[in-house]
Amino acid sequence: MGDGTQRQRSLLTRLFRREGHAYRGRVHEQLLYRGEPAPPGPACGLRVVHYGYLDERLSAKDKFRRNLALLMREWGERPDAYLAHQIGMTHYTAGDAEEALPWLERARDLRGGYDARLLKDTAHCLKDLGRTKEALALVEEGIRAFPDYTDLYFLRGTLNLALGRVAEAEAAFRACVELGEAPAGYPSTEGVGSYLAHYNLGVICETLGRREQAARHYRAAAAAGYEPARARLGQL
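Each value, and the rule that gives it
Residues numbered from 1 in each chain as written. Predicted model: local features only at pLDDT ≥ 70, side-chain atom pairs only at ≥ 80, totals over all residues. Heavy atoms only, no water. Helix = DSSP H or I, 4+ residues; strand = E, 2+ residues; numbered from the N terminus. Expected span 1.5 Å × (residues − 1). Buried < 20%, exposed > 50% of the residue type's maximum accessible area, 1.4 Å probe, protein only. Contact = heavy atoms within 4.5 Å. Phe/Tyr/Trp six-rings, centres within 6.5 Å; stacked < 30°, edge-to-face > 60°. Patch = residues over 30% accessible without salt bridge, like charges linked within 9 Å, V, L, I, M, F, W, Y side chains within 5 Å. Areas by Shrake-Rupley, 256 points an atom, 1.4 Å probe, with all protein chains shown as cover. Salt bridge = Lys/Arg side-chain N within 4 Å of Asp/Glu carboxyl O. Core = buried A, V, L, I, M, F, W, Y, C linked by side-chain atoms within 4.5 Å.

Peer 1: What is the right way to look at helix α9 (residues 195–207) in this model?
Peer 2: Since one α-helical turn is 3.6 residues long, residues separated by three or four positions face the same way. With 13 residues, α9 should cover 18 Å at 1.5 Å per step; its first-to-last C-alpha distance of 18 Å lies within 8% of that length. Listed as buried for α9 are Tyr 195, Leu 196, Ala 197, His 198, Tyr 199, Asn 200, Leu 201, Gly 202, Ile 204 and Cys 205. Looking at the buried side of α9, the elements it contacts are α7 (150–162), α8 (166–179), β5 (188–189), α10 (211–223) and α11 (227–235).

Encoded structure:
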């Protein structure tokens, strides 16, 4: 999600025994094991950097229109929660949160509740639609269900800031630093448990006149190579 300025991390199974496994779908193929969604395998430490969702590449390929047509064709044959989620996120990534939300809600209804990815995506969608309090309520529900998912605490902080609740936002970003990056099994934005959280804490502390604390957080973010933090340090 986003414009490509933040790196997204997902754990995907790409090495597996052929027996019992098969892919299903025309796009965003789903790995199955004996006809059911395959459970994620262990992380092997191999990192693949994928640039296919940067804005300029998407516009060159007209990837959204192609993907949506393929997904809708498949939806007509086999409507399920996975496809509803993918259709919703195709609309969302194209910048149409209003069209995305009903599909994400349909995915929730079809699967009988939220998984971590669907909950996070739905909360982002609500936020972009200006439904901040609804997004925050959903995030709080998610934290109760997935208490080690750092991205939800980061989103809690962002939403509280939007509502003017600075103390609650600061507490949320501090929780992010304490948790560290999300476990590998969650789809996550790189930095929510480190430099992005430190940067936001720096901005809050600077705004409140706590310059020494702000500098400490900016230095922590800058040490990870986050350039906006270096720029703020130079302005303190």
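Peer 1: Sorry, what's going on with the packing of aromatic side chains here?
Peer 2: Aromatic rings considered in pairs are described by the distance between their centres and by the relative angle of their planes. Under the counting rule described, the total for this entry stands at 7 aromatic pairs. For the pair Phe 146 and Tyr 186, a centre-to-centre distance of 6.4 Å together with 80° between the ring planes defines the contact as edge-to-face. Here Phe 146 is found in the loop between α6 (132–145) and α7, whereas its partner Tyr 186 is found in the loop between α8 and β5, with 40 residues between them in sequence. With a centroid separation of 5.8 Å and an interplanar angle of 45°, the aromatic rings of Tyr 199 and Tyr 218 are classed as tilted. Separated by 19 residues along the polypeptide, Tyr 199 in helix α9 and Tyr 218 in helix α10 bring together distant segments of the chain. Tyr 218 carries the same exposure label as Tyr 199, and that label is buried. Members of the aromatic cluster, each reached through a chain of ring pairs, are Tyr 195, Tyr 199, Tyr 218 and Tyr 226.

Peer 1: For this particular structure, what's the right way to read the side chain of Thr 122?
Peer 2: Relative to the assigned elements, Thr 122 resides in helix α5 (residues 116–128). Those residues in contact with Thr 122 that sit more than four places away from it in its chain are Leu 101, Leu 104, Tyr 114 and Leu 138.

Peer 1: Whenever I open this one, a nonpolar patch on the surface confuses me. Can you help?
Peer 2: Among the surface-exposed residues, Leu 161, Val 166 and Leu 208 lie close enough to one another that they form a single nonpolar patch of about 220 Å² accessible area. Given the relative accessible area of 36%, Leu 161 is considered partly exposed.

Peer 1: Where do I start with the environment of Lys 63 in this structure?
Peer 2: Secondary-structure assignment places Lys 63 in helix α2 (residues 63–77). Residue class for Lys 63 comes out buried when judged on its relative accessible area of 11%. Along the backbone, Lys 63 and Ala 94 are 31 residues apart, and their C-alpha atoms lie at a distance of 9.7 Å.

Peer 1: Would you take a moment to explain the nonpolar core for this structure?
Peer 2: Across soluble globular proteins, nonpolar side chains show a tendency to be buried alongside one another. Judged by nonpolar contacts, the single largest core of 51 residues is most densely connected at Cys 125, Val 139, Tyr 149, Leu 152 and Phe 154. No other element matches α9, which puts 7 residues into this core. Setting aside its immediate chain neighbours within four residues, Cys 125 contacts Tyr 92, Ala 97, Ala 100, Leu 101 and Leu 104.

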